[in-house]
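Examination of the molecular architecture
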Amino acid sequence: MLGILNKVFDQNKRELKRLTKLAEQIDALASDTEKLTDDQLREKTKEFKARYQNGESLDDLLVEAFAVVREGAKRVLGLYPYKVQLMGGIALHDGNIAEMKTGEGKTLTATMPVYLNALTGRGVHVVTVNEYLASRDANEMGKLYEFLGLTVGLNLNGMSQEEKQKAYAADITYGTNNEFGFDYLRDNMVLYKHQKVQRPLYYAVIDEVDSILIDEARTPLIISGTAQKSTQLYIQANAFVRTLKKDVDYTYDEKTKSVQLTEEGITKAERAFGIDNLYDISHVTLNHHINQALKANVSMHRDVDYVVQDGEIVIVDQFTGRLMRGRRYSDGLHQAIEAKEGLEIQNESMTLATITFQNYFRMYEKLAGMTGTAKTEEEEFRNIYNMNVVVIPTNKPVIREDRPDLIYATMEGKFRAVVEDIAERHKKGQPVLVGTVAIETSEYISKLLQKKGIRHNVLNAKNHEREAEIIAQAGQRGAVTIATNMAGRGTDIKLGEGVRELGGLAVIGTERHESRRIDNQLRGRSGRQGDPGVTQFYLSMEDELMRRFGSDNMKAMMERLGMDDSQPIQSKMVSKAVESAQKRVEGNNFDARKQLLQYDDVLRQQREIIYKQRDEVLESENLREIVEGMIQSVIERNVEAYAPSHEDQDEWNLQGIIDFVNGNLLQEGDITINDIRGKEPEEISELIFSKVKERYDEKEELLGPEQMREFEKVIVLRAVDSKWMDHIDAMEQLRQGIHLRAYGQIDPLREYQSEGYAMFESMVASIEEEVAKYIMKAEIRNNLERQEVAKGQAVNPKEGGEKPKKKPIVKTIDIGRNDPCYCGSGKKYKNCHGA
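- The chain is annotated in an unreviewed UniProt entry as Protein translocase subunit SecA of Bacillus methanolicus.
- In its Cofactor (unreviewed entry) section, the UniProt entry covering the chain states "Zn(2+)".

1. Examining the pattern of salt bridges
- The tally for this structure, following the rule as stated, stands at 56 salt bridges.
- As a salt-bridge pair, D183 and R186 come within 2.8 Å of each other at their nearest N and O atoms. Here D183 and its partner R186 are both found in helix α9 (residues 177–187), 3 residues apart, which amounts to about one turn of the helix.
- Here D183 falls in the buried class, since its relative accessible area comes to 1%.
- By relative accessible area, which is 28% here, R186 ends up partly exposed.
- Here the salt bridges share partners, and the residues they tie into one network are R624, E628, D697, E700, R709 and E712.

2. Here we look at the environment of M100
- Within the secondary structure, M100 sits in the loop between β1 (97–99) and α6 (106–118).
- Accessibility expressed as a relative area gives 1% for M100, which makes it buried.
- In this structure, the C-alpha to C-alpha distance between M100 and V391, residues 291 residues apart in sequence, is 6.7 Å.
- Contact partners of M100, with chain neighbours within four places excluded, come to V84, Q85, G88, K106, T109, T371, G372 and I392.

3. Observations regarding the packing of helix α4 (residues 58–76) against helix α5 (residues 83–93)
- Between α4 and α5, the shortest axis-to-axis distance is 12 Å and the interhelical angle comes to 145°. Relative to α5, the crossing made by α4 is right-handed. Residue-level contacts link L58, D59, L62, F66 and R70 of α4 to K83, L86, G89, I90 and H93 of α5.
- For the contact of α4 with α5, the residue count by class is 5 nonpolar, 2 polar and 3 charged.

4. Re a negative patch on the surface
- A cluster of acidic side chains, namely E636, E640, E680, E682, E683 and E686, defines a negative patch on the protein surface.
- With 3 residues, the top contributor of residues to the negative patch is helix α27 (residues 681–703).
- Structurally, E680 can be placed in the loop between α26 (673–676) and α27.
- The exposure class of E680 is partly exposed, given its relative accessible area of 40%.

5. Overview of the packing of aromatic side chains
- Under the criterion given, the structure shown has 15 aromatic pairs.
- Each ring, one from Y360 and one from F361, has its centre 5.0 Å from the other, and the planes form 70°; the classification is edge-to-face. For the pair shown, Y360 and F361 are each scored as buried.
- With a centroid separation of 5.5 Å and 90° between ring planes, the pair formed by Y360 and Y364 is classed as edge-to-face. Y364 matches Y360 in its accessibility class, with the two residues each being buried.

6. Some words on the environment of H334
- For H334, the position within the fold is in helix α14 (residues 333–340).
- Separated by 20 residues in the primary sequence, H334 and V314 place their C-alpha atoms 9.5 Å from one another.
- Separated by 3.4 Å, the side chain of H334 and the backbone oxygen of I313 make a polar contact.

7. Examining the nonpolar core
- Judged by nonpolar contacts, the single largest core of 93 residues is most densely connected at L213, F361, L665 and I688.
- The residues that make up this core include at least three from each of domain 1 (4–222 + 358–391) and domain 4 (603–777).
- When residues no more than four places from it in sequence are discounted, the contact partners of L665 are I631, I635, F660, I688, V692, A772, M776 and K777.

8. Quick word on unusual backbone geometry
- In this model, D247 sits at a positive phi of 70°, which is unusual for a non-glycine residue.
- Structurally, D247 can be placed in the loop between α11 (232–241) and β7 (250–253).
- We classify D247 as exposed; its relative accessible area is 59%.
- Unlike most non-glycine residues, D310 shows phi in positive territory, near 50°.
- Within the secondary structure layout, D310 lies in the loop between β9 (306–309) and β10 (312–316).

So, how was this worked out
Residues numbered from 1 in each chain as written. Predicted model: local features only at pLDDT ≥ 70, side-chain atom pairs only at ≥ 80, totals over all residues. Heavy atoms only, no water. UniProt positions renumbered as here; feature names shortened; annotations may be inferred. Salt bridge = Lys/Arg side-chain N within 4 Å of Asp/Glu carboxyl O. Helix = DSSP H or I, 4+ residues; strand = E, 2+ residues; numbered from the N terminus. Buried < 20%, exposed > 50% of the residue type's maximum accessible area, 1.4 Å probe, protein only. Contact = heavy atoms within 4.5 Å. Axes fitted to C-alpha atoms, helices over the stretch in contact; angles between N-to-C directions. Left-handed = near helix turned anticlockwise from the far one by under 90°. Nonpolar A, V, L, I, M, F, W, Y, C, P; charged D, E, K, R; others polar. Patch = residues over 30% accessible without salt bridge, like charges linked within 9 Å, V, L, I, M, F, W, Y side chains within 5 Å. Areas by Shrake-Rupley, 256 points an atom, 1.4 Å probe, with all protein chains shown as cover. Lys, Arg positive; Asp, Glu negative; His and termini not counted. Charge placed at Lys NZ, Arg CZ, Asp CG, Glu CD. Phe/Tyr/Trp six-rings, centres within 6.5 Å; stacked < 30°, edge-to-face > 60°. Polar contact = N/O pair within 3.5 Å; in protein donor to acceptor, adjacent residues only side chain to side chain. Core = buried A, V, L, I, M, F, W, Y, C linked by side-chain atoms within 4.5 Å. Domains from an automatic or database assignment.

Written out as C-alpha cells, the structure reads:
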C-alpha cells in the first residue's frame, strides 16, 4: 500500500519538477517582455497566431505566450502571476486538473492557458458553476484578453440566438456548465443550419471542476416538453396516504430512505379505491401514484429537500445549498409533493433531448479543470476523463490550525457547544464562518444565536442572491456567517483589519459531509495566502453520517463512561472511523457514477448517430439519394417479410406485398400480383423500386426541384425528431424496469445494451417507414414549412449533487432520488446510483 502511495506522490513530484523548469523559463523572459510597449505586446498575439498557422505547436509557443499574458496582467489588472500560478497554467494547458488551494488565484492562473489555446481560433470555453461568476470573470479577465487583441463572449441563460452566436464566435467564451450543455442539445433540435450557435467543441477550462464533473456527473441535462395528465389522482393518492400509519401500513428505512407498503397498507388501498387487487395490471397507474405520494409524505422533507416559494416547490441542492428553480423531480414525484403541500399541480413532462455532464464534457478535444479539492477523486478523473490531478504548492505556507473533531453524545449538546464557541470568538472580535449541511441546521443555529443577541448573516438557498456580498464580508472583525454547504461559492474571503492578530478566520463545521472533499472545501475558506486561521468540526452520535455508519457502539460506550452532553470526546479513533465511512461513501458514489456512465454510453452512441444524421440532413443540398436509400430498405424489409427467401414460393403472401405497396408507396394499379408472380424477392424489390423512382420523378416535375428538396427535409426532420423523442422515453422506461431481469440471474447492463440496440434498430426502421410513406403519399401544398415536433424548455437552475437528493439536473424533468434506479437493481435511485 505504501509503495502505491509513494508512487503517486513521486509522480506528482516529477510533474512539479517539469512544471517548475518551464515556469523558470517563463520567468527568464520577464525582463525582455517588460521592455515591450503596449502595442508591441499586442503585436505578439498576431505573431503567435501566424507562427501557429505556419506549423508551430502550442507547446512551442507556451513559454513566450505565458510571459506575454503575465506582463499583460500586470499592466491591465495590476496582478502579476506567481511562479505557482504559472505551474498551474501549464497543468491546465496539458489537459489536467490543477489543484490549487482557496485564495491562490485560480481565475488569474487560467488566463494563460486560455490565451494560448485561443490562438488557434477554434474557441475556448471557460466554464463556471453560476452566472454571477461567469459574468464577473468575463468582465474582469476580459479586459486582459481584449488588451492582447482577443475577443471575449459571455453566454447567459435567456440570451437570443443571435447573442449566443456572437458569444460563441468569440475567441474565448465564458458561461455555466448548464448553459453550454443545453446549447449543445438545442443545436441538435434546430430546423435550419444557420440556427446553430456552438462551434465544434475544442478546449474547455472548468472552474470548480470537482463540483461539475463529480458532484453533478450523474445529473442529466434535460430539455422537456409537457405531457397532459390528470391531476386528480395525485390529490386522491395524497389524501389516502395521509391516513396510513408508520410500521403498521408502511415501513420506512432511514438508512436507505426506502418506503414500502405493508400487507395491511395494500389491503387499505384496495378498500379505499374500491378495487380487488392493487397489483393487477389495470391498476399500474394507481399503484404508481400511491407509491409517489408515500415517498413525498415520508421521505421528502420541506426545507431540507425542497422549499415552498411563491406557490411552487423549489428543489434544494443538498450539495451547494442552492435553489434549483425550474427543475422538477421526474416520474410524478414533483406532482406528489405539490399535492402534499396543497399547491396547484403542474403537468408532467416528456423528454425531448438529454445528456449528462460526463458525456457532454468528454466531447471536447481537450479538457482541463481547477479546484481546491480534487486529489481524493483522482482515480475517477483519470478513469473517466483521462485527466491527472496535479497538486500545485501554495505560494506561501499554510499556517491554519485544523483541530481534531469534537464528538458529543447528542445533537443538542453539540449545538450548545457550537454556539458557546461562536459566542466566545465573537466576543474578542474574531470572524466566524459556520458551515452546515442542511438549511434546517443553519436556521436552527441562527435562532440560537438570536437568543444570545449575536448579530450574524445566514447564507443558504433562501437568500443566495446576496451570497457574494455576504461571503466577501465574512472575514471582517466580529462577522458571524452561517452558510449551507460552501461548495464552489467561488468568492474569496479576505481578512479585515486587525483580524490576523485575533487568529484569522475561524471555520466551524456542524457535521461531517459524506464527502471529504466538501469538508476540505469548508476548511479551505480559512488560511488563504499564508493567513492564520483555525478550523473545528463538531460531531454528534446522532448525525446522519454517524447514524448510517454504526455509531451505536460508540454511543453506548459514551453512556457507560457516564459522559454527559457537556463533555465531548476528542478521539483519533472516532475521527478515523468517520473518515473511513466517508471513503466508503466516496467509493460507492464512484462505482455508481461509473455504472451510470456504462448505461449512459448506450444512449450516447445512439445520440451521436442520430445527431450526425440530423446534421447531414441540415447541411445537404439534395436529400433524394438518402431518401431513396431509406425507401429501398423499407421495400426490401417488407418483401422479405411477405416473401421470405427461405420459404417455398407457394407460401408467400404476394397480396400482402401489393397491399403494402398500395398503402405506402404507389397508386392502386401501379403494380399488380401478376407483375410480381414467379419473380425472386430481389427482382420483386427491384421492380417496386423502379416504379417508385418513376413516381418520384413525376412528383418532382410537378413541384419543381427546389420545392421537392425542401419537402424532403421537412419529412425527414419530422420523422427523425419524433421517433427519437419516443425512443428516449422508451429507453428511460427500459432503464427503470431492467432490474427485474436480475432476478433471473441475468446481467441488467448487458440486457439494457442488447435491448437498447434492438430498440434503436427498430426506431431506425420506423423512421425509414415514415419517410417512405410521407414522401411518396403526402400531398404537397405551397406552404411548406419545417416545424418543431414539440416545444421544449430548458430551465436553468443549479446543479445536482453527489447526494441523489434531487436528481437530474436542470430540467423540467429529473430522476427523483426516490424513484426506482434506472440501472435496474430494484432499489431506489438514491440507495443505488444515488447512494
